[in-house]
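Analysis of the macromolecular model
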Amino acid sequence: MAGKKITELVQTNTVDDSDLFIVETANGTCSVPYSEIKRLFQNMLEVNAGETQSFPFVDCAASHNGIFRGKDLTNIYTIDEICERISNGTFEDLYIGDYFDVTISTEYTANEVVRCILAGFDYYWNNGDTVFTEHHAVIVPKNCFNKIAPMNPTNTTVGGFLNSNMWKTVLPIYTNALQSALNNHILSHKTSLTKSIDENINSNAGAGIKGASDSCVSYNTLLSLLTEIQVYGSNIRSSSFYDIGLDDLQLPLFALDPTAKICGKNTTTDGNGDDNLQWYWLKNVVSVNTFAYVCNRSGQYPFDNASYSGGVRPLFCIG
């Protein structure tokens, strides 16, 4: 080795536990066996059930948006403790797919268990005409609510999502129940809602489909439906760019776990409901009489008459 540069040494593709690495320490040049280096890295990456997860990176939205874990937080942290970790911007020990259960009662169903999944962190950060600068986590229920409902009582999208029965009647009932169950931790954020359509123009949904959104409004929102982009990562059947608005990124939950787009109904006592699959509405206008929805089995991207009763699976922000 004497007189040779490191680049001139023979290279190897295998390392045994007894092989030595040279390190420069405060006490001089030393050797370390590979077995010790391997042990240190394994300890650094190891996650023990019930303990705080520790990774060698900064706790922030960006780092936590890239990791799916799927841990039950229900009996580990209170709602207030979870929201404190969100509002301080560290998101400590919170990762995509983690969840907690709350129980709500509405005029539709009493004592309904809602499994709240962490779907993204600071997703709406700096969005809106009045910028949203509160640290937040986007929540998507694991399953649709027990109540299935039409977007409108008749087959029309006139007035867009803003004037739909879903927005004006159904979602407010769940908003009040969830806000109470979550100790008023649901945050108001700005999003875009379509408010009118042109029945005579061609829809972007496909050849021969008539009717498309022609305006939208920026709206302070507590609870809203998902969009195609938030689920699929792109527009599939949306009638026009007005259906996109501020919901223009795929949520990390669906990017990291594509199976999360398929869900059931909250018909079991634990809010799991996997044995009762349910298709659910999206807020995208498709034509003069149809809205988009997510299929309950294959995850395909269909659309149907506004008067059909479908699943209600919204999103909301907490912090």
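These remarks concern the structure in this document. What you are looking at is a predicted structure, and each value in this text was computed from that prediction instead of being measured. (Residues numbered from 1 in each chain as written. Predicted model: local features only at pLDDT ≥ 70, side-chain atom pairs only at ≥ 80, totals over all residues. Heavy atoms only, no water.)

1. As for the sheet that holds strand 10 (residues 280–285)
The strand order 10-11-12 describes an open sheet built from three strands, whose pairing is antiparallel. Each having just a single partner strand, strand 10 and strand 12 (303–305) make up the two edges of the open sheet. The average angle at which neighbouring strand axes cross in this sheet is 45°, direction not considered. Looking at chain direction, strand 10 and strand 11 (residues 290–294) are connected through three bridges and run antiparallel. Paired with Tyr 280 across the two strands is Val 294, which belongs to strand 11. (Pairing = 2+ DSSP bridges. Helix = DSSP H or I, 4+ residues; strand = E, 2+ residues; numbered from the N terminus. Axes fitted to C-alpha atoms, helices over the stretch in contact; angles between N-to-C directions.)

2. Description of the nonpolar core
Side chains of a nonpolar character, in soluble globular proteins, are inclined to be buried together. Counting 73 residues, the largest nonpolar core has Phe 100, Met 166 and Ile 318 as the members making the most contacts within it. The greatest single-element share of this core, amounting to seven residues, is contributed by helix 4 (residues 165–181). Look past the residues within four positions of Ile 318 in its chain and what remains in contact with it is Cys 83, Ile 86, Phe 100, His 135, His 136, Ala 137, Ile 139, Leu 182, His 185, Ile 186 and Leu 187. (Core = buried A, V, L, I, M, F, W, Y, C linked by side-chain atoms within 4.5 Å. Buried < 20%, exposed > 50% of the residue type's maximum accessible area, 1.4 Å probe, protein only. Contact = heavy atoms within 4.5 Å.)

3. Details of unusual backbone geometry
You will see that Phe 91, though not glycine, has its phi angle at about 55°, which is positive. Structurally, Phe 91 is set in the loop between helix 3 (79–87) and strand 3 (99–104). Of note in the backbone geometry, Asn 111 takes a positive phi value of approximately 50° without being a glycine. On the secondary structure map, Asn 111 appears in the loop between strand 3 and strand 4 (112–121).

4. Some words on the side chain of Asp 243
With respect to the element layout, Asp 243 can be found in the loop between helix 5 (228–232) and helix 6 (252–256). No salt bridge is formed by the buried Asp 243; its nearest oppositely charged neighbour, Lys 283, is found at 8.7 Å. A polar atom in the side chain of Asp 243 sits 3.1 Å from the side chain of Ser 213. Polar contacts involving the side chain of Asp 243 include one to the side chain of Ser 239, which spans 2.7 Å. (Lys, Arg positive; Asp, Glu negative; His and termini not counted. Salt bridge = Lys/Arg side-chain N within 4 Å of Asp/Glu carboxyl O. Polar contact = N/O pair within 3.5 Å; in protein donor to acceptor, adjacent residues only side chain to side chain.)

5. Quick look at the state of the cysteines
The final tally for this structure, using the stated rule, is zero disulfides. Cysteine Cys 83 shares no disulfide, and the gap to the nearest cysteine sulfur, in Cys 116, comes to 10.0 Å. (Disulfide = S-S within 2.5 Å.)

6. Re the packing of aromatic side chains
One pass over the full model with this rule turns up 12 aromatic pairs. Taken together, a centroid distance of 6.1 Å and an interplanar angle of 35° make the contact between Phe 21 and Tyr 34 tilted. A residue pair is termed long-range when its members are at least 10 positions apart, and Phe 21 in strand 1 (residues 20–25) and Tyr 34 in helix 1 (residues 34–45) qualify at 13 residues. Judged by its relative accessible area of 35%, Phe 21 is partly exposed. Their ring planes at 80° and their centres at 5.0 Å tell us that Trp 279 and Trp 281 sit as a pair that is edge-to-face. (Phe/Tyr/Trp six-rings, centres within 6.5 Å; stacked < 30°, edge-to-face > 60°.)

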